[in-house]
Amino acid sequence: MTQNHAFLIVAHDYPEQLAEIVHLLDAPNHFFFIHIDKKNAVRMMESPGVMKLKRRRNCNITHCVSVNWGGYSQIQATLCLLQMASNAAIDFSFYHLISGQDYPLVDTLVFDDFFQSHQNNSFVGLHNQSFFYRYEWYHMNDVINVTKFWGGLMENILCKCQSVLSRFLKIRKPLPMDEYKGSNWWSINGEMFMYIVSFLQDNQAYVDRFRYTSCCDEIFFHTIMFNSPLKDSIVVNNLRYIDWKPKYVGEHLPRTLDETDIAELKKSKALFCRKIHPQISKEVINWIKHRITNG
């Protein structure tokens, strides 16, 4: 029986690239739920690429949240997509969370065959480094732009103050279960998706606890999944090619892929790669399109 796939896409820019990603993933059993950053919604929604997407029968587009880097708003955007997919009244076998800078590395037949062979599994990355400060302290990512100098300075001062205070008192309530962290891009099966939706409906306090945290989109869903009765069905591999090793001092991470990455992409068994930029990654995009079109 043909499996239906839901692609949950968080996009903030590059409308023509977004349209191309959907085109490469398009199939009769593939459906797309797209969240566009509210800050850029007017420009994005009026672009030729997104206008094309709006005419597709299998595309649903919203722009309910203004997303700030590292903020709770990133979690809200994903929750919005989960709700859209839940309301679609379609029986999905898998749900794939990607961004508007994630390209597929295989054609749709290879993609579907892989998940047909792994229908009882979810694919989620996991990291082991320390991350307690992300949720134990208060952060202002949704109030100030912490990527700018003054915003970053204010954030550092706030965190240092809390670091000192935490020696004498508990700054925030602890999370109600063991914490887990990993890449916020995952592919999960329908059973895991329904567990997450049900958990969130019954645990609003858990959702609210993540307000004023930092980069906890990498913790919020992982903590639910790895504490769930389905944890043993998780394959600790999110099937994404992502490069966290800088090629020069000060390079922003994860790296934006370019032509020097094609050799590694050829060897990769990943199903997606990121981050892709329309100009910097032009050679990578051309290679991907040739690979998918010609096999």
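This text goes with the structure placed above it.
Residues numbered from 1 in each chain as written. Predicted model: local features only at pLDDT ≥ 70, side-chain atom pairs only at ≥ 80, totals over all residues. Heavy atoms only, no water.

### Quick notes on helix α1 (residues 15-25)
Logical step 1: Counting buried residues in α1 gives eight out of eleven residues, a clear majority hidden from the surface.
Logical step 2: Taken residue by residue, α1 has Pro15, Gln17, Leu18, Ala19, Ile21, Val22, Leu24 and Leu25 as its buried positions. (Buried < 20%, exposed > 50% of the residue type's maximum accessible area, 1.4 Å probe, protein only. Helix = DSSP H or I, 4+ residues; strand = E, 2+ residues; numbered from the N terminus.)

### Examining the packing of helix α4 (residues 72-86) against helix α8 (residues 190-202)
Logical step 1: As a packed pair, α4 and α8 sit with axes 11 Å apart at the nearest point and diverge in direction by 115°. Here α4 is positioned roughly perpendicular relative to α8, judged by the angle of their axes. α8 is crossed by α4, and the crossing has left-handed handedness. Taken together, the residues of α8 that come into contact with α4 (itself represented by Leu79, Leu82, Ala85 and Ser86) are Phe193, Ile196, Val197 and Leu200. (Axes fitted to C-alpha atoms, helices over the stretch in contact; angles between N-to-C directions. Parallel < 35°, antiparallel > 145°, perpendicular 65-115°, else oblique. Left-handed = near helix turned anticlockwise from the far one by under 90°. Contact = heavy atoms within 4.5 Å.)

### Notes on the nonpolar core
Logical step 1: Core analysis: the largest hydrophobic core is formed by 43 residues, its most contacted members being Leu200 and Phe220.
Logical step 2: Among the elements of the structure, β1 (5-11), β2 (30-36), α4, β4 (94-99), α8, α9 (204-209) and α10 (220-226) are those that each provide at least two residues to this core.
Logical step 3: Ranked by the residues each element gives to this core, the list is headed by α4, at eight residues.
Logical step 4: Ignoring sequence-local partners within four residues, the contact set of Leu200 consists of Leu79, Leu82, Tyr206, Val207, Phe220 and Ile224. (Core = buried A, V, L, I, M, F, W, Y, C linked by side-chain atoms within 4.5 Å.)

### Some thoughts on the layout of surface pockets
Logical step 1: A volume near 1,200 Å³ is recorded for the largest pocket.
Logical step 2: If you list the elements that add at least two residues to the lining of the largest pocket, you get β1, α4 and β4.
Logical step 3: For the lining of the largest pocket, the class distribution of residues is 13 nonpolar, 15 polar and eight charged.
Logical step 4: The volume enclosed by the second largest pocket comes to roughly 260 Å³.
Logical step 5: Around the second largest pocket sit 15 residues that line it, and Met1, Gln3, Asp91, Phe92 and Ser93 are the ones nearest its centre.
Logical step 6: When contributions to the lining of the second largest pocket are tallied by element, the ones reaching two or more residues are β4 and α8.
Logical step 7: Top element by residues in the lining of the second largest pocket is α8. It accounts for three residues.
Logical step 8: Residue classes in the lining of the second largest pocket are distributed as five nonpolar, eight polar and two charged. (1 Å grid on protein atoms, 1.4 Å probe; cavity = no way out; pocket = protein on both sides within 12 Å on 5 of 7 lines; lining within 4 Å. Points joined across faces, edges and corners; volume = space filled by probe spheres on them. Nonpolar A, V, L, I, M, F, W, Y, C, P; charged D, E, K, R; others polar.)

### Description of the sheet that holds strand β9 (residues 240-242)
Logical step 1: Reading across from one edge, β5-β10-β9 is the order of the three strands in this open sheet, with mixed pairing throughout. Because the sheet does not close on itself, it has two edges, and the strands there are β5 (103-104) and β9.
Logical step 2: Note: β9 against strand β10 (residues 272-274), three bridges, orientation parallel. Among the inter-strand pairings, Tyr241 is bridged to a residue of β10, identified as Cys273. (Pairing = 2+ DSSP bridges.)

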